[in-house]
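Observations on the three-dimensional arrangement
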Amino acid sequence: MPRAVILGVGGHVPERVVTNQDMAQWMETSDEWIFERTGIRQRHWIEGEAGGSELAERAVRQALSRAGVELEEIDCIILATLSPDHTFPGTGCFLQERLGLPGIPALDVRAQCSGFIYGLSVADAWIRVGQYKNILLVGTEVHSTGLDISTEGRDVACLFGDGAGAAVVAAGKGDERGVLSTHLHADGRYAKDLWIEAPGSRFQPARITKDMIDAGRHWPKMKGRRVFTKAVKHMPAVIKEGLAHNGMTLDDVDLFVPHQANLRINEAVARLLGIEPDRMYSNIERYGNTTAASIPLALRDAEQEGRLKRGDTLMLVSFGSGFTWASALLRW
Ligand code: UT7
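Residues numbered from 1 in each chain as written. Predicted model: local features only at pLDDT ≥ 70, side-chain atom pairs only at ≥ 80, totals over all residues. Heavy atoms only, no water.

Now for unusual backbone geometry. With an omega of 0 degrees, the peptide bond between Phe 88 and Pro 89 qualifies as cis. Tracing the backbone through its elements, the reader meets Pro 89 in the loop between strand S4 (76–80) and helix H4 (91–99). Residue Phe 323 is bonded to the preceding Gly 322 through a cis peptide linkage, with omega at -15 degrees. Residue placement: Phe 323 occurs in the loop between strand S12 (313–320) and strand S13 (324–331). (Helix = DSSP H or I, 4+ residues; strand = E, 2+ residues; numbered from the N terminus.)

Checked against the element boundaries, Arg 300 lands in helix H11 (residues 294–304). Reaching out from Arg 300, the side chain makes a polar contact with the side chain of Gln 62 at a distance of 3.0 Å. (Polar contact = N/O pair within 3.5 Å; in protein donor to acceptor, adjacent residues only side chain to side chain.)

Before going further, it helps to spend a moment on H11. Counting buried positions over the eleven residues of H11 gives nine, a clear majority of the element. Taken residue by residue, H11 has Ser 294, Ile 295, Pro 296, Leu 297, Ala 298, Leu 299, Arg 300, Asp 301 and Ala 302 as its buried positions. At the C-terminal side of H11, Gly 306 shows a positive phi close to 75 degrees. (Buried < 20%, exposed > 50% of the residue type's maximum accessible area, 1.4 Å probe, protein only.)

Our focus in this paragraph is the site of the ligand. In the vicinity of the ligand lie 21 residues, with Thr 29, Arg 37, Cys 113, Arg 225 and Asn 262 positioned nearest. The backbone of Gly 224 places a nitrogen or oxygen atom 3.0 Å from a nitrogen atom of the ligand. Separating an oxygen atom of the ligand from a side-chain N or O atom of Asn 262 is a distance of 2.6 Å. Elements represented by at least two residues in the shell around the ligand include exactly helix H2 (31–38), helix H6 (154–157) and helix H8 (224–245). A total of four residues in the shell around the ligand trace back to one element, the largest contributor, which is H8. Here the residues of the shell around the ligand are counted per class, giving ten nonpolar, six polar and five charged. Looking at the shell around the ligand, you find at least three residues from each of domain 1 (4–171) and domain 2 (178–331). (Near = heavy atom within 4 Å. Nonpolar A, V, L, I, M, F, W, Y, C, P; charged D, E, K, R; others polar. Domains from an automatic or database assignment.)

Entries for the chain in the domain assignment read domain 1 (4–171) and domain 2 (178–331). Each of domain 1 and domain 2 has a C-alpha centre, and the two are 14 Å apart. Listed per partner, the contact involves 51 residues of domain 1 and 44 residues of domain 2. Approximately 3,800 Å² of surface area, both sides summed, lies buried where domain 1 meets domain 2, with 62% of it carried by carbon and sulfur atoms. The largest share of the area that domain 1 buries against domain 2 comes from Cys 113, Ile 117 and Tyr 118, three residues that together contribute 18% of it. Counting every contact that joins domain 1 to domain 2 gives one salt bridge. (Contact = heavy atoms within 4.5 Å. Buried area = accessible area lost by both parts, 1.4 Å probe. Salt bridge = Lys/Arg side-chain N within 4 Å of Asp/Glu carboxyl O.)

Here we come to the pattern of salt bridges. Enumeration according to the criterion identifies 18 salt bridges in this entry. With a shortest N-O distance of 2.8 Å, Lys 210 and Asp 214 are connected by a salt bridge. In this pair, Lys 210 and Asp 214 are both assigned in helix H7 (residues 210–214), four residues apart and thus about one turn of the helix distant. Using a relative accessible area of 60% as the deciding quantity, one classes Lys 210 as exposed. Asp 214 sits in the exposed class, given a relative accessible area of 55%. Because the salt bridges share partners, they merge into one network encompassing Glu 54, Glu 57, Arg 61 and Arg 98.

Grouped together as the largest cluster of nonpolar side chains are 41 residues, with contacts concentrated most on Met 23 and Ile 239. When residues in this core are grouped by element, the largest group, seven residues, is from H8. Split by domain, the residues of this core number at least three in each of domain 1 (4–171) and domain 2 (178–331). When sequence neighbours within four positions are dropped, the list of residues in contact with Met 23 reads Val 18, Thr 29, Ile 34, Arg 43, Trp 45, Ala 157 and Cys 158. Within the second largest apolar cluster, 35 residues are counted, among which are Val 109, Leu 255, Val 257 and Leu 314. (Core = buried A, V, L, I, M, F, W, Y, C linked by side-chain atoms within 4.5 Å.)

Below is the structure:
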């Protein structure tokens, strides 16, 4: 069975840069507080009206050109987002329309920060059984239009950035390259520890009302300490699970590419595992947390910076809302 190989990655962030100093004009916070707690210096936010499908299109076109694959060769779209352009249909369909690829399947994945690895797992399975050959795997988010940019919402608002990342995932040629394994987990007991409550189809008389908006129930809410603690527990475990499955050790991994939620989380994971900090990739300083887009954006940047070479062994790892967590071991 052919392995799934990432042939090329691309990324796109909006031009507008929002620094920590900008945030401090809108809420009681400071560059020092945000940077010390999270490692974030700035993030990119859209200007005017733009959805995740627009950002995704730019990321996809870059990924295709780096992969050397023509758009017409794509036979499936998998798109991960927690900030869909509209409630329905899936953002994958809006991306498909923008790309001009009618007819092929478009699947949205709702696994938040783990969306890219969950999507990679699905892509790998479909490629192994021969169902599809060239899959576009995309993570895209527009967070900025859904954040409470006041002191009340500062714990969440300071973290998130807009952006998209994309990968062309194709059937390998039977060599060493490709996805070796993926390991996926979730624990819905913590679903409300990082969530947006409304709009919701469970509410009467409408999915959202003025009263709900007045009460701020449409803003993201997070139990930050709990997210931090659980991330630091589950990320090392799912890394070890992936390595054990392949009979490998931490020393076999050239680069760890973690979800970029908080630099302090990733530093703690590295410390717990005894990994040198420079083997744990980070670009959160420039983008903040871009959720489903963060791992493909990190792969794009790591490759551009010369940190990723053909044949390297990579460990992708994530933790986020759901809670969901996952790892993927692959040879680049
Ligand atoms: O993909 C997953 C996404 N989420 C995460 O990864 C979040 C994981 N959690 C974290 O990163 C941290 O919990 C935060 C960075 C969000 C918060 O750091 P913390 O050290 O856990 O702070 P805290 O929530 O315990 O709050 C400490 C204080 C509070 O003030 P009081 O009650 O002590 O007076 C907060 O109101 O810091 C305050 N605070 C802020 N102050 C300045 C919270 N957010 C901010 C802010 N600027 N942006």
